[in-house]
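Reading the structure
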Amino acid sequence: MTHMPIAMDNHWLPFTNNRLFHKEPQIFARAKGVRYWTPEDQEILDGSSGLFCSAAGHGRPEIADAVHKQLMELDYTPHFQRAAPISFELASRLSELLPDGIDRVFFGSSGSEAVDSAMKICLAYHRARGEAQRTRFVSRAWGYHGVNLGGTSLAGMVGNRRDFSGVTCDVVHMRHTWNEEQRFTRGQPEDGAHLADDLEDLCKTYGGETIAAVFVEPIAGSIGTIVPPKGYLQRLRKIADKYGILLVFDEVITGFGRTGAAFASEEFGVTPDVITMAKALTNGTIPMSAVAVKTEIQQAVIASVTTDRPELMHGYTYSAHPVACAAALASLDIYRDEKLFERGKAMSGTFLDGVFGLRNLPQVYDLRGHGMMAGIQLTPGKAPGEKGSIVQRLLFKDGLHVKATGDALIFAPALVSEESDLEQMVDSLRRVLGRSDL
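If you're wondering where the values come from, they're calculated on a predicted model, not measured in any experiment.

**What about the overall build of the protein?**
Looking only at helices and strands, the protein features 15 helices and 15 strands. Here the C-alpha atoms of the protein give a radius of gyration of 22 Å, agreeing with the 22 Å that 2.2 N^0.38 yields for 438 residues. Overall, the protein is about 65 × 55 × 45 Å in size when its C-alpha atoms are taken along their principal axes. Within the protein, the fraction of its 438 residues that count as buried is 56%. Here the contacts in the protein between residues at least 6 apart in sequence split such that 73% fall between residues at least 24 apart. Measuring between centres, the 45 positive side-chain charges of the protein sit 4 Å from its 53 negative side-chain charges.

**Some remarks on the packing of aromatic side chains**
Inspection of the entire model under this criterion finds nine aromatic pairs. With a centroid separation of 3.8 Å and an interplanar angle of 5°, the aromatic rings of Phe28 and Tyr36 are classed as stacked. The class of Phe28 is partly exposed, set by a relative accessible area of 32%. With a relative accessible area of 11%, Tyr36 lands in the buried category. The positively charged end of Arg183 is found above the aromatic ring belonging to Tyr365, 4.0 Å away from the centroid.

**What about helix 14 (residues 386-398)?**
In a regular helix each residue adds 1.5 Å, so 13 residues correspond to 18 Å; helix 14 covers 19 Å between its end C-alpha atoms and thus fits that length. Listed as buried for helix 14 are Lys387, Gly388, Val391, Arg393, Leu395 and Phe396. Gly399 sits one or two residues past helix 14 and shows a positive phi near 100°.

**Considering the environment of Ala292**
Examined against the element boundaries, Ala292 turns out to sit in strand 10 (residues 289-294). Overall, Ala292 belongs to the buried group, its relative accessible area being 0%. For the pair Ala292 and Gly388, spaced 96 residues apart in sequence, the C-alpha to C-alpha distance is 35 Å. Dropping the residues within four chain positions of it, Ala292 is found in contact with Leu98, Ile102, Arg104, Val105, Asp273, Val274, Ile275 and Met277.

**Details of the sheet that holds strand 12 (residues 373-378)**
Backbone hydrogen bonds hold the strands of a sheet together, and the pairing may be parallel or antiparallel. Strand order in the open sheet made by the four strands is 11-12-15-14, with antiparallel pairing throughout. Each edge of the open sheet carries a strand with a single partner, namely strand 11 (364-370) and strand 14 (403-405). The sheet shows a mean angle of 20° between the axes of neighbouring strands, direction not considered. Here strand 11 runs beside strand 12; their pairing, made up of six bridges, is antiparallel. Bridge assignment links Val364 to a residue of strand 12, and that residue is Leu378. Contacts between helix 13 (residues 340-356) and the sheet are confined to strand 11, strand 12 and strand 15 (408-411), with strand 11 contributing the most and set at about 175° to the helix.

**Describing the packing of helix 5 (residues 111-128) against helix 11 (residues 295-303)**
The geometry of helix 5 relative to helix 11 is characterised by a closest axis approach of 8 Å and an angle of 60° between their N-to-C directions. The angle between helix 5 and helix 11 falls in the class oblique. Considering the relative orientation of helix 5 and helix 11, their crossing is left-handed. Contacts between helix 5 and helix 11 involve Ile121, Ala124, Tyr125 and Ala128 on the former and, on the latter, Glu296, Ile297, Ala300 and Val301. A per-class count over the contact of helix 5 with helix 11 returns seven nonpolar, no polar and one charged.

**Looking at the sheet that holds strand 13 (residues 400-401)**
Read across the sheet, four strands follow the order 1-2-3-13 without closing on themselves; strand pairing throughout is mixed. The strands lining the two open edges of the sheet, one partner per strand, are strand 1 (30-32) and strand 13. As judged from the three bridges shared by strand 1 and strand 2 (residues 35-37), these two strands associate in the antiparallel manner. In the sheet register, Lys32 faces strand 2, and the bridge partner there is Arg35.

**Considering the packing of helix 8 (residues 197-206) against helix 9 (residues 232-243)**
Their axes nearest at 8 Å, the elements helix 8 and helix 9 cross at an angle of 20°. The angle between helix 8 and helix 9 places the two elements in the roughly parallel class. Residues Asp197, Leu199, Glu200, Cys203 and Lys204 of helix 8 form the contact with helix 9, whose participating residues are Arg235, Leu236, Ile239, Ala240, Lys242 and Tyr243. Of the residues contributing to the contact of helix 8 with helix 9, the split by class is six nonpolar, no polar and five charged.

**Examining unusual backbone geometry**
Backbone geometry at Phe15 places phi at a positive 45°, although glycine is not the residue there. Within the secondary structure, Phe15 is located in the segment before helix 1 (18-23). The exposure class assigned to Phe15 is exposed, which follows from its relative accessible area of 65%. Phi at Ala320 takes a positive value of approximately 60°, unusual for a residue other than glycine.

About the thresholds
Residues numbered from 1 in each chain as written. Predicted model: local features only at pLDDT ≥ 70, side-chain atom pairs only at ≥ 80, totals over all residues. Heavy atoms only, no water. Helix = DSSP H or I, 4+ residues; strand = E, 2+ residues; numbered from the N terminus. Rg over C-alpha atoms; globule rule 2.2 N^0.38 Å. Buried < 20%, exposed > 50% of the residue type's maximum accessible area, 1.4 Å probe, protein only. Contact = heavy atoms within 4.5 Å. Lys, Arg positive; Asp, Glu negative; His and termini not counted. Charge placed at Lys NZ, Arg CZ, Asp CG, Glu CD. Phe/Tyr/Trp six-rings, centres within 6.5 Å; stacked < 30°, edge-to-face > 60°. Lys NZ or Arg CZ within 6 Å of the ring centre and 35° of its normal. Expected span 1.5 Å × (residues − 1). Pairing = 2+ DSSP bridges. Axes fitted to C-alpha atoms, helices over the stretch in contact; angles between N-to-C directions. Parallel < 35°, antiparallel > 145°, perpendicular 65-115°, else oblique. Left-handed = near helix turned anticlockwise from the far one by under 90°. Nonpolar A, V, L, I, M, F, W, Y, C, P; charged D, E, K, R; others polar.

So this is what it looks like as structure tokens:
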């Protein structure tokens with residue numbers, strides 16, 4: 001395949017060492033199924049579903065057709081005092097997948113927007129109930145909740161906070177749940193539920209009546225797949241209820257079959273008050289996110305305003321974009337018709353067998369995983385994150401794309417992957433992680 005040189009100076013790439021990229025660019029030109037191809041036509045297996053987005057694989061004609069049809073019918077409409085029928089249809093479809101009682105949906109365009117929207121909704125709810133003093137949030141060390149100002153405040157990853165501390169909100173952090181004794185644990189660790197008591201300690205320190213909500217990822221994804229200890233999420237739920245705090249699950253990564261159920265809240269048997277989602281909502285095809293809340297949260301906010309004005313003074317130009325709604329509905333149809341959530345659950349054993357078969361390789365320090373999501377912690381390099389960058393680039397050259405955060409690889413193939421695809425991906429990991437010269 002012939003290709004023209006790319007002028008790269010004008011595009012400032014996100015979360016990228018731009019100087020290194022310009023020296024050694026790694027570019028995807030096309031995609032189909034669970035594979036990418038470079039402009040030079042090198043095949044790259046997609047080991048992270050893009051960025052955990054493309055659960056049904058790339059290049060789905062069903063989604064392309066639905067998007068084209070919607071573009072020709074209604075390409076854009078504002079959702080400020082106006083609406084499109086398709087947005088109500090999507091909200092209704094999502095309510096069927098969500099836990100009972102969580103059936104009010106607010107749309108945005110990214111996981112970061114969903115998190116900031118959720119924070120505002122939590123504040124509005126408490127104000128509506130006469131508890132406007134609840135302005136503090138609780139998050140967790142090693143947590144990731146996007147990069148808008150609210151999500152940056154919630155962040156428990158120092159690299160995402162360090163340069164922006166002057167603009168952060170009032171957030172206090174619990175400890176993360178990983179420890180050395182959990183190394184090479186498959187699924188949920190047996191011990192560690194007591195770490196949820198950090199929320200109780202924070203209530204005693206700051207006053208539970210000042211805390212609006214606690215935000216956690218059911219599985220801490222971006223840091224490298226930290227699976228919650230057994231009983232941990234249940235204990236958080238109990239403490240939050242005790243102090244009148246809203247429990248928010250950030251399911252931007254874990255939503256739509258990644259854990260073997262529609263949402264991780266179902267997988268782990270804990271119902272939060274609020275769920276954020278994005279990524280696989282449209283199979284990654286068009287930016288879209290959503291915040292789903294319990295019925296009583298929306299009802300309280302609406303009932304608190306009696307004048308002719310919006311009850312929630314918040315929204316985005318692209319909230320409930322009709323073309324994004326069409327992509328989401330087509331994606332939900334694929335998940336349902338091809339039983340992809342069930343497929344992911346059935347395939348998890350084979351997937352995790354492959355992952356944990358990497359245990360004794362020289363570059364592997366720890367392995368973690370649940371469902372169709374695994375973390376591979378690398379042995380320390382000369383400086384934090386250096387080895388992760390090297391390994392990620394070597395894997396690309398070997399024909400495998402995976403997400404790296406610092407020295408952790410996040411391995412999360414599409415739910416449509418075949419066993420032969422998984423074997424090829426694991427073989428690539430084995431070749432690179434088996435090297436002793438890194």
